[in-house]
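Below are the chains, spelled out letter by letter.
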Amino acid sequence: MDLTFYLQTFDHFIIYLGVSLVLFLIGTYIFKFVTPYSEREQIKNGNTAVSLKLLGKMGGLVVVLQSAIRHSINLVDLAIWAFIAIIIQIVLHIVIEYVLTRNTNLAKEVEKGNVAVGLLLGGVSVLVGMIVAAAISY
C-alpha cells in the first residue's frame, strides 16, 4: 500500500466532498420552494409523511450526485449534472402533483400526514434519481 498516493489525492477528495455537500444543500434548499408548506415545521411537529417525502427528494439527489462525482471530468461538470438532477426532480414533482393526480392534492395529503403519499413521492424521487444517475454514465 502506497500511502503517498492517498496523501497526494486527499486534496481532490476534500474539494469534491465540499462541492458535493454544497450542491446537496443548494438542491435541498431549492426543493423547499416547490413545497407549499414549511417542511421544517411539519417535521418538527412529527409529520412522518413530510419527513419521508423530503428524505426521498434528498436521496434522489444524492444518488445523482454520487454518479456525477464518479463520472464528472471536473467540478463544473459535476455542478452541471447536479443542477440537471434538481431540475428533473422539480419537473417530476410538478408532473405527479398536477398532471397525473389532478383530482388529488398530494401536497395537502402529505401536509395532513398521509404517510402512504409521502412514501410514494419520496420513493419516486429516489427511483428517478437512480435513472438519472445511470444516464450520467455516458
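Since the model is a prediction, treat every value here as computed from it, not as a measurement. Within every chain, residues take consecutive numbers counted from 1 along the sequence as written. Only residues with pLDDT of at least 70 are given local features in this predicted model, and only at 80 or more are side-chain atom pairs given and counted; all residues enter the totals for whole chains, interfaces and linings. Side-chain numbers come from the whole structure's heavy atoms, not from hydrogens or water.

Within the protein chain, the secondary structure is distributed over 6 helices and 0 strands. Where helices and strands are cited, they refer to DSSP runs of H or I of at least four residues and of E of at least two residues respectively, numbered from the N terminus. Along the protein chain, from the amino end to the carboxyl end, the secondary structure elements read α-α-α-α-α-α. Dimensions of the protein chain along its principal axes, counting C-alpha atoms only, are 60 × 30 × 25 Å. The contact definition used throughout considers only heavy atoms, calling two residues in contact when any of these lie within 4.5 Å. Pairs at least 24 residues apart make up 77% of the contacts formed inside the protein chain by residues separated by at least 6 positions. The accessible surface values rely on the Shrake-Rupley method and a 1.4 Å probe; as for residues, cover is taken only from the protein chains in view. Taken as a whole, the protein chain presents about 8400 Å² of accessible surface, with 70% of it coming from carbon and sulfur. Under the counting rule used here, the positive set is Lys and Arg, the negative set is Asp and Glu, and His together with the chain ends is not counted. Here the site of a charge means NZ on Lys, CZ on Arg, CG on Asp, or CD on Glu. Looking at charge distribution, the protein chain has the averaged site of its 9 positive side-chain charges lying 11 Å from that of its 8 negative ones.

Turning our eyes to something else, we now look at the nonpolar core. The biggest cluster of nonpolar side chains holds 25 residues, and the ones touching the most others in it are Leu61, Leu65, Val110 and Leu121. For this core, the elements supplying multiple residues, two or more each, are helix H1 (3-31), helix H3 (48-71), helix H4 (75-100), helix H5 (106-111) and helix H6 (115-135). The contact partners of leucine 121, leaving out residues within four places of it in the chain, are Lys53, Ile96, Leu106 and Val110. Remark: nonpolar core denotes a set of buried residues (Ala, Val, Leu, Ile, Met, Phe, Trp, Tyr, Cys) joined through side-chain atoms within 4.5 Å. Relative accessibility thresholds used throughout: buried, under 20% of the residue-type maximum; exposed, over 50%; partly exposed, between the two (1.4 Å probe, protein chains only).

Attention now moves to H3. One fewer than the residue count of a helix, multiplied by 1.5 Å, yields its expected span. The terminal C-alpha atoms of H3 lie 34 Å apart, and with 24 residues this matches the ideal 34 Å at 1.5 Å per residue to within 8%. Of all the residues in H3, the buried ones are Ala49, Val50, Lys53, Leu54, Gly56, Lys57, Gly60, Leu61, Val64, Leu65, Ser67 and Ala68. Here a polar contact is taken to be a pair of N or O atoms separated by no more than 3.5 Å, where protein atoms must pair a possible hydrogen donor with a possible acceptor and residues adjacent in sequence count only if both atoms sit in side chains. Near the N-terminus of H3, the side chain that reaches the backbone nitrogen of alanine 49, with its oxygen 3.0 Å away, is that of asparagine 47.

With that settled, consider a nonpolar patch on the surface. Residues with no salt bridge and a relative accessible area higher than 30% make up the patches, which join like charges within 9 Å and nonpolar side chains (Val, Leu, Ile, Met, Phe, Trp, Tyr) within 5 Å. A pairing counts as a salt bridge when a side-chain nitrogen of Lys or Arg comes within 4 Å of a carboxyl oxygen of Asp or Glu. Where nonpolar side chains cluster on the molecular surface, the patch consists of Ile87, Val91, Ile94, Val95, Tyr98, Val99 and Leu100 and spans about 670 Å² of accessible area. Assignment of secondary structure puts tyrosine 98 in helix H4.

To obtain each axis, a line is fitted to C-alpha atoms, and for helices this fit is confined to the stretch in contact; angles are then taken between N-to-C directions over 0 to 180 degrees. It is at 10 Å that the axes of H1 and H3 come closest, and there the two elements cross at 145 degrees. Taken as a pair, H1 and H3 cross one another with a handedness that is right-handed. Taken together, the residues of H3 that come into contact with H1 (itself represented by Tyr16, Ser20, Leu23, Phe24, Gly27, Thr28 and Phe31) are Leu54, Lys57, Met58, Leu61, Val62, Leu65 and Ile69. Broken down by class, the residue content of the contact of H1 with H3 amounts to 10 nonpolar, 3 polar and 1 charged. In a left-handed crossing the near helix is turned counterclockwise from the far helix by less than a right angle, and in a right-handed crossing that turn is clockwise. Residues were grouped as follows: Ala, Val, Leu, Ile, Met, Phe, Trp, Tyr, Cys and Pro as nonpolar; Asp, Glu, Lys and Arg as charged; and all remaining residues, including Gly, as polar.

For valine 62, the position within the fold is in helix H3. A relative accessible area of 41% places valine 62 in the partly exposed class. Distance from valine 62 to valine 91, taken between C-alpha atoms, is 17 Å for residues 29 residues apart in sequence.

Here the focus is the side chain of glutamate 39. Looking at the secondary structure, you find glutamate 39 in helix H2 (residues 39-44). Ignoring any residue separated from it by four or fewer positions in sequence, one finds glutamate 39 in contact with Lys32, Val50, Leu54 and Lys57.

On to the packing of aromatic side chains. Any pair of Phe, Tyr and Trp rings, taking the six-membered ring for Trp, is counted once the centres come within 6.5 Å. Such a pair is stacked with planes under 30 degrees apart, edge-to-face with planes over 60 apart, and tilted for the rest. Across all of its chains, the model carries 2 aromatic pairs by this definition. Relative to phenylalanine 13, the ring of phenylalanine 10 lies with its centre 5.7 Å away and its plane at 35 degrees, an arrangement referred to as tilted. Placement of the pair is phenylalanine 10 and phenylalanine 13 together in helix H1, with a separation of 3 residues, close to one helical turn. Since its relative accessible area comes to 47%, phenylalanine 10 is described here as partly exposed. Plain terms: the ring middles of tyrosine 29 and phenylalanine 33 are 5.2 Å apart, the flat faces sit at 90 degrees to each other, and that makes the pair edge-to-face. Given the relative accessible area of 48%, tyrosine 29 is considered partly exposed.

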